[in-house]
Amino acid sequence: MLKNNRKTINDKRIAPEILPREYGVAWPDYQLLDAGDGKKLERWGAVITIRPDLQAHFKPGWAFAQWLTMAHWEYEEQSSIQGRWKSLKPDAPEQWMITYEKLTLALKLTKFKHVGLFPEQQANWRFITEQVVAGQKLLNLFAYTGAASLVACNNGAEVVHVDSVKQMLTWANENRQLSALSDIQWVLEDALKFAQRELKRGNKYDGIIMDPPAWGLGIKGEKWKLETQLSSLIASAYGLMNPKAFLIINTYSPKVTLADLAESGAAYFSTHHMQLKQLWMQAKTGKELFCGNLLRAVK
Ligand SMILES: C[S@@+](CC[C@H](N)C(=O)[O-])C[C@H]1O[C@@H](n2cnc3c(N)ncnc32)[C@H](O)[C@@H]1O
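Since this is a predicted model, take the numbers as computed values, not measurements.

About the cut-offs
- Every chain begins its residue count from 1, and numbering advances along the sequence as written.
- Totals for whole chains, interfaces and linings use every residue, but because this is a predicted model, local features are given only for residues with pLDDT of at least 70 and side-chain atom pairs only at 80 or more, for both listing and counting.
- Processing note: side-chain calculations cover all non-hydrogen atoms of the structure and skip hydrogens and water entirely.
- Strands are runs of DSSP state E lasting at least two residues, helices are runs of H or I lasting at least four, and both sets are numbered from the N terminus onward.
- Note on contacts: a residue pair qualifies if any of its non-hydrogen atoms lie within 4.5 Å across the two residues.
- Two strands are counted as paired when DSSP detects at least two bridges linking them.
- Here, axes are lines fitted to C-alpha atoms. For helices the fit covers the stretch in contact, and angles between N-to-C directions go from 0 to 180 degrees.
- Throughout this description, buried means an accessible area under 20% of the type-specific maximum (1.4 Å probe, protein chains only), exposed means over 50%, and partly exposed covers the range between.
- Ring geometry is summarised as follows: Phe, Tyr and Trp rings, the Trp one being its six-membered ring, pair when their centres sit within 6.5 Å, and such pairs are stacked at plane angles under 30 degrees, edge-to-face over 60 and tilted between the two.
- Any Lys NZ or Arg CZ found within 6 Å of a ring centre and within 35 degrees of that ring's normal is scored as a charge over the ring.
- Put simply, a nonpolar core is a bunch of buried Ala, Val, Leu, Ile, Met, Phe, Trp, Tyr and Cys residues held in one set by side-chain atoms that sit within 4.5 Å of each other.
- One heavy atom within 4 Å of a molecule or strand is enough for the residue carrying it to be called near that molecule or strand.
- Counting of polar contacts relies on pairs of N or O atoms within 3.5 Å, with two restrictions inside protein: one atom must be capable of donating a hydrogen and the other of accepting it, and residues adjacent in sequence are counted only when both atoms are side-chain atoms.
- The protein chains shown are the only cover counted for residues, whose accessible areas, like all others here, come from Shrake-Rupley with a 1.4 Å probe.
- Any Lys or Arg side-chain nitrogen located within 4 Å of an Asp or Glu carboxyl oxygen qualifies as a salt bridge.

**As for the environment of T99**
Then, in step 1: Relative to the assigned elements, T99 resides in strand β7 (residues 95–100).
Then, in step 2: Residues T99 and Y30, 69 residues apart in the sequence, show an inter-C-alpha distance of 8.7 Å.
Then, in step 3: In contact with T99, not counting residues within four places along its chain, are W27, D29 and T104.

Pasting the structure below:
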């Protein structure tokens, strides 16, 4: 398997020029302003942050001094798994809210470099809005703070939201309340375990959304490693799909390439319309940032 994403593009199994890209696009309350030298500059509503990003392995459009004049917060990495937020403006808020279409989402500085939203997922929120029909039942695995769940719920779907971290369910429910949406079934469980249990129960869904991390832990410490459990996850998800259901899986790991997704997908979705894409964001300065790989299957 491969070291870092730059090599992903040179994966011999898929010629780089045919690697279709899908862009998460800016919206009034979010914009990737610039990226480069291993960092990215983002605007979330009125708050601007500087965060590390391995994929920003190119020169930025603006000078870092300009970034520092614009930003409220800079995340300083102290190790690969921890760091600290440094305030760059006296009135920099530690918590604030932004909107996405009709949704209101709470953002907070977390002890990692995250603030509670993966903006590149806008590409999948768009897709979910196009696919979902009111009354359908959707399963969101590794569902984090729930933006995708709320988009589906806002389009009339009944949503089952699964995450293994209680604080994430609480945060997602806070976003639901802020967005004045009807209730969602919150499930505190290991995603793969829940999917396999739903299979035994014979439950089916009209849509399955999965945004698994490269690695993670279930509620009882079950180890989640994307590269070793990807195919069992896709197998379980496939078994939970109604005949006309759609599936989205988004991965962001140097150990899982688009070709790996293609291979896993081909095993189950040969009769579906399968989309295999790279997820990118384009900055205000024109810089382009790789944000992951995407497999979608639609009947
Ligand atoms: C951060 S999100 C989305 C991943 C994101 N695209 C990334 O690349 O980091 C991953 C979510 O999966 C949850 N998670 C991690 N391991 C899990 C597991 N075994 N079962 C269920 N949820 C899990 C985390 O709590 C988190 O909310």
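**Structural notes on the sheet that holds strand β3 (residues 39–44)**
Sheet strands pair via backbone hydrogen bonds, and the direction of the pair is either parallel or antiparallel.
Then, in step 1: One open sheet holds the 5 strands; their spatial order is β2-β3-β4-β5-β6, and the pairing between them is mixed. At either margin of the open sheet sits one strand with a lone partner, and together these are β2 (30–36) and β6 (82–87). Ignoring which end each strand starts from, the neighbouring axes of this sheet average 20 degrees apart.
Then, in step 2: Bridging between strand β4 (residues 47–52) and strand β5 (residues 73–79) involves 2 bridges; their strand directions are parallel.

**So, unusual backbone geometry**
Glycine aside, residues mostly have negative phi angles, and peptide bonds mostly take the trans form.
Then, in step 1: Within the chain, F142 stands out as a residue other than glycine whose phi angle is a positive 55 degrees.
Then, in step 2: Within the chain, Y144 stands out as a residue other than glycine whose phi angle is a positive 55 degrees.
Then, in step 3: On the secondary structure map, Y144 appears in the loop between β9 (137–141) and α4 (147–154).
Then, in step 4: Owing to a relative accessible area of 18%, Y144 belongs among the buried residues under this scheme.

**Overview of the packing of aromatic side chains**
Then, in step 1: Within this structure, the stated rule accounts for 14 aromatic pairs.
Then, in step 2: Aromatic pair F127 and F246: ring centres 5.9 Å apart, planes at 80 degrees, arrangement edge-to-face. With F127 in helix α3 (residues 122–131) and F246 in strand β15 (residues 241–251), the pair connects residues that are 119 residues apart, well separated along the chain. With respect to burial, F127 and F246 carry one shared label: buried.
Then, in step 3: An aromatic cluster of three or more residues is present, and its members are W27, Y30, W44, Y100 and W125.
Then, in step 4: In this structure, R21 packs its charged tip against the face of W280, placed 3.5 Å from the ring centre.
Then, in step 5: The aromatic ring of W171 is capped on one face by K108, whose charged end is 4.6 Å from the ring centroid.

**A word on the nonpolar core**
Then, in step 1: Ranked by internal contacts, the top residues of the largest apolar core, which has 46 residues, are W44, W96, I98, L117, W125, I128 and L138.
Then, in step 2: If you tally residues by element for this core, the top one is α4, at 6 residues.
Then, in step 3: Ranked by size, the runner-up nonpolar core spans 31 residues in total, among them L141, A195, L226 and L295.

**Topic: the pairing of strand β1 (residues 21–24)**
Within a regular strand, the side chains alternate between the two sheet faces.
Then, in step 1: Burial along β1 is one-sided: E22 and G24 are buried, and none of R21 and Y23, which face the opposite way, are.
Then, in step 2: The sheet contact formed by β1 and strand β16 (residues 273–282) spans 4 bridges and is parallel. If you follow E22 over to β16, its bridge partner there is L279.

**Some remarks on the site of the ligand**
Then, in step 1: Not every one of the 17 residues close to the ligand is listed here, only the nearest: D163, S164, D190, A191 and D211.
Then, in step 2: Separating a nitrogen atom of the ligand from a backbone N or O atom of S164 is a distance of 3.2 Å.
Then, in step 3: D211 places a polar side-chain atom, nitrogen or oxygen, 2.6 Å from a nitrogen atom of the ligand.
Then, in step 4: Calculation on the ligand without its partners gives an accessible area of 580 Å², and the protein chains cover 89% of this total.

**Comments concerning the pattern of salt bridges**
Then, in step 1: This model, assessed by the stated rule, comprises 17 salt bridges.
Then, in step 2: The shortest N-O distance in the salt bridge between E222 and K193 comes to 2.9 Å. Placement of E222 in the loop between β13 (215–217) and β14 (223–225) and of K193 in helix α6 (residues 191–201) is noted, with a sequence separation of 29 residues between them.
Then, in step 3: Between E198 and R201 there is a salt bridge, and its shortest N-O distance comes to 2.4 Å. Taken together, the residues span about one helical turn, with E198 and R201 both in helix α6 at a distance of 3 residues.
Then, in step 4: A residue is classified by how much of its surface remains accessible, and E198, at 3% relative accessible area, is buried.
Then, in step 5: Within the structure, one salt-bridge network assembled from shared partners comprises E22, R126, K277 and R296.

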